[in-house]
Amino acid sequence: MKRILPLLGLTVLLSACGLRPVYSGGSHGAVAQALGRVEVQPIEGKGGWLVRNALNDRLAAMSGTGPGYKLVVKLDDNISGFGLRSDAAVTRERRTLRARYQLIDSTTGAQILDDTAGSDVGIDVVSSEYATIAAEDTALERLSQTIADQIIARLARFATPDKAR
């Protein structure tokens, strides 16, 4: 009983803090309805294709009707070498993927949101060129998923009914 009372007190305190689930109401909630109206515009390059597919995968579960939004994303993909051996060969690379995205109202053309997302990952450079290229591609795939998660999370915060951003 002594252990249950503090837990009950904690739940009472948490209920008063104003926290609410972002996706309350499931696919019929306000956030899901707003995200379901977002159309992702084509993004240049292989990384763009991966990010767009990841965004569309996350938005496919949402359903919304009415005037929509366009999501315009521009990527900056960079690979830089560091970690040098005594013969000046690179032993480690860092792949950085940054995205600048804008949410635009389809009916008025007004820019509603302008934000950035980004992530990076380290890659070991090995003696096999094929293995290094495969590692770079795998890193891009992971970074694309991370960027898409960041963008969807920001759009969900934007779409919350109380507009607590």
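All of these numbers come straight from a predicted model, not from anything done at the bench.

Asker: In this structure, what is going on with the side chain of Ser144? I would like to understand it.
Answerer: Take Ser144: it is sitting in helix H4 (residues 129-159). In this structure Ser144 comes out as buried when scored by relative accessible area, which is 0%. For Ser144, the side chain forms a polar contact with the main-chain oxygen of Leu140, separated by 2.8 Å. For Ser144, the contacting residues outside a window of four places in its chain are Gly47, Leu50, Val51, Ala54 and Leu97.

Asker: So what exactly am I meant to see when it comes to helix H3 (residues 45-59) here?
Answerer: For an α-helix, the turn length of 3.6 residues means that residues three or four places apart are oriented alike. Compared with an ideal rise of 1.5 Å per residue, which puts 15 residues at 21 Å, H3 spans 21 Å between its outermost C-alpha atoms and is within 8% of the ideal. Within the span of H3, buried status applies to Gly47, Gly48, Leu50, Val51, Ala54, Leu55 and Leu59. Across the axial projection of H3, the buried residues extend over an arc of 165 degrees, all falling on one side. Away from its buried face by more than 90 degrees, H3 exposes Trp49 and Asp57.

Asker: Hey, could you run me through the sheet that holds strand S4 (residues 111-124) in this one?
Answerer: Two strands in a sheet stick together by hydrogen bonds in their backbones, pointing the same way (parallel) or opposite ways (antiparallel). With mixed pairing, four strands are arranged side by side in an open sheet as S1-S2-S3-S4. One side of each edge strand has no neighbouring strand; the edge strands of this open sheet are strand S1 (38-40) and S4. Strand after strand, the sheet turns through a mean of 25 degrees between neighbouring axes, direction not considered. Pairing analysis gives 13 bridges linking strand S3 (residues 90-105) to S4, with the strands arranged antiparallel. Counterpart to Arg98 in the pairing with S4 is Gly118. Of the strands in this sheet, strand S2 (69-84), S3 and S4 are in contact with H4, which crosses S4 at around 150 degrees.

Asker: Would you mind going over the environment of Gly36 with me for this structure?
Answerer: Tracing the backbone through its elements, the reader meets Gly36 in the loop between helix H2 (30-35) and S1. Put simply, Gly36 and Ala60 are 24 residues apart on the chain and 7.2 Å apart in space, counted from C-alpha to C-alpha.

Quick notes on the rules
Residues numbered from 1 in each chain as written. Predicted model: local features only at pLDDT ≥ 70, side-chain atom pairs only at ≥ 80, totals over all residues. Heavy atoms only, no water. Helix = DSSP H or I, 4+ residues; strand = E, 2+ residues; numbered from the N terminus. Buried < 20%, exposed > 50% of the residue type's maximum accessible area, 1.4 Å probe, protein only. Polar contact = N/O pair within 3.5 Å; in protein donor to acceptor, adjacent residues only side chain to side chain. Contact = heavy atoms within 4.5 Å. Expected span 1.5 Å × (residues − 1). Arc of directions from axis to C-beta. Pairing = 2+ DSSP bridges. Axes fitted to C-alpha atoms, helices over the stretch in contact; angles between N-to-C directions.

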